[in-house]
Amino acid sequence: MSITDYAEDIFATQALHRHALAEAMKSIPGGLAIVEWFEGEPDFGDAEVTGFVLDRSGASYLSIEQDWRGRSATITFRFGDWIDAAVKGFNHQNVLGGLTLKRAGERDIEAWEMGVGAKPGEWLIVLEPCFGMYGTIRASIHAIDLNARVSATQHDRGVGRP
C-alpha cells in the first residue's frame, strides 16, 4: 500500500466517523444545533474539556470548549442519573484528539448495582487522547447545549455587532 493509499484510507475513515457522530447527535435533544453550528459534521479534534461534573443531587455534565473556523462555543452534554466513567489525565489543559458518540452495548449489572432503580446509560462517549483528559463516559444524555460566543477574530472583523 502506498502512502497516498494509506492517507486516503485514513481520510475516508475519518469522514465516516464524523458522519456517524453527526447522525448520533441529531437524535439527542439539542444535538441538531451542534451539527448546524459545525455547518455539517462535527469535529472535536483540538477541542478542550473544561469541566466534567458528577453530582448526585444536581446536574452531571461534560463541558467542551471548541474554537472552529474562527468561532467559539461551549458544548455541554447533560447526563442522566447512572453514569459509568473511566477517564484519566484531567489537568490544566485537556485537549481532545477527537470525540466518538455511539449507542452503548450491553453491560453486565453487578449484584451491588441491582435494586437502585436506574439503568446503565444508553450512550458511550469516547474522549480520544491528545493532551490531558481521555477515556470513556457511558450515560443517558438528556440534552446537548450550545453556548456560541463571538471569538476575538470575529470581534476584530465586526462579526456579531449590530
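Residues numbered from 1 in each chain as written. Predicted model: local features only at pLDDT ≥ 70, side-chain atom pairs only at ≥ 80, totals over all residues. Heavy atoms only, no water.

## Brief notes about the side chain of T100
As a reminder, the rule being used: For the purposes of this entry, the term helix denotes a DSSP run of H or I that reaches at least four residues, the term strand denotes a run of E that reaches at least two, and both are numbered from the N terminus. Burial classification: accessible surface area is computed with a 1.4 Å probe over protein chains only, and a residue below 20% of its type maximum counts as buried, one above 50% as exposed, and the rest as partly exposed. Identification of polar contacts relies on pairs of N or O atoms within 3.5 Å, with a donor-acceptor requirement for protein atoms, meaning one able to donate a hydrogen and the other able to accept it, and with residues adjacent in sequence counted only if both atoms are side-chain atoms.
Note on placement: T100 falls in strand β5 (residues 95–103). When its relative accessible area of 16% is taken as the criterion, T100 is described as buried. Here E128 takes part through its side chain, which lies 2.7 Å from a polar atom of the side chain of T100.

## Comments concerning the side chain of S72
On the secondary structure map, S72 appears in strand β3 (residues 71–79). A polar contact is formed between the side chain of S72 and the side chain of D67, at a distance of 2.3 Å.

## Comments concerning the pairing of strand β2 (residues 60–68)
Put simply, the rule reads: Following DSSP output, two strands are said to pair if at least two bridges run between them.
With five bridges connecting them, strand β1 (residues 48–53) and β2 associate as antiparallel partners. Across the sheet, V49 pairs through a bridge with I64, a residue of β2. Hairpin connection, β1 to β2: the antiparallel pair is bridged by six residues. Where β2 and β3 come together, nine bridges link them in antiparallel fashion. Among the inter-strand pairings, E65 is bridged to a residue of β3, identified as T74. What sits between the antiparallel neighbours β2 and β3 is a turn of two residues, in which R69 has the positive phi angle 50 degrees.

## So, the packing of aromatic side chains
Formally: Ring geometry is summarised as follows: Phe, Tyr and Trp rings, the Trp one being its six-membered ring, pair when their centres sit within 6.5 Å, and such pairs are stacked at plane angles under 30 degrees, edge-to-face over 60 and tilted between the two. Whether a charge sits over a ring depends on NZ of Lys or CZ of Arg being within 6 Å of the ring centre and within 35 degrees of the ring normal.
Under the counting rule described, the total for this entry stands at four aromatic pairs. Ring centres of W37 and F38 lie 5.0 Å apart, and the angle between their planes is 85 degrees; on these two criteria the pair is classed as edge-to-face. Note on accessibility: W37 and F38 belong to one class, buried. Between R71 and the ring centre of W37, over which it is positioned, the NZ or CZ distance is 4.6 Å. R78 extends its terminal NZ or CZ atom over the ring of Y61, reaching a point 5.6 Å from the ring centre.

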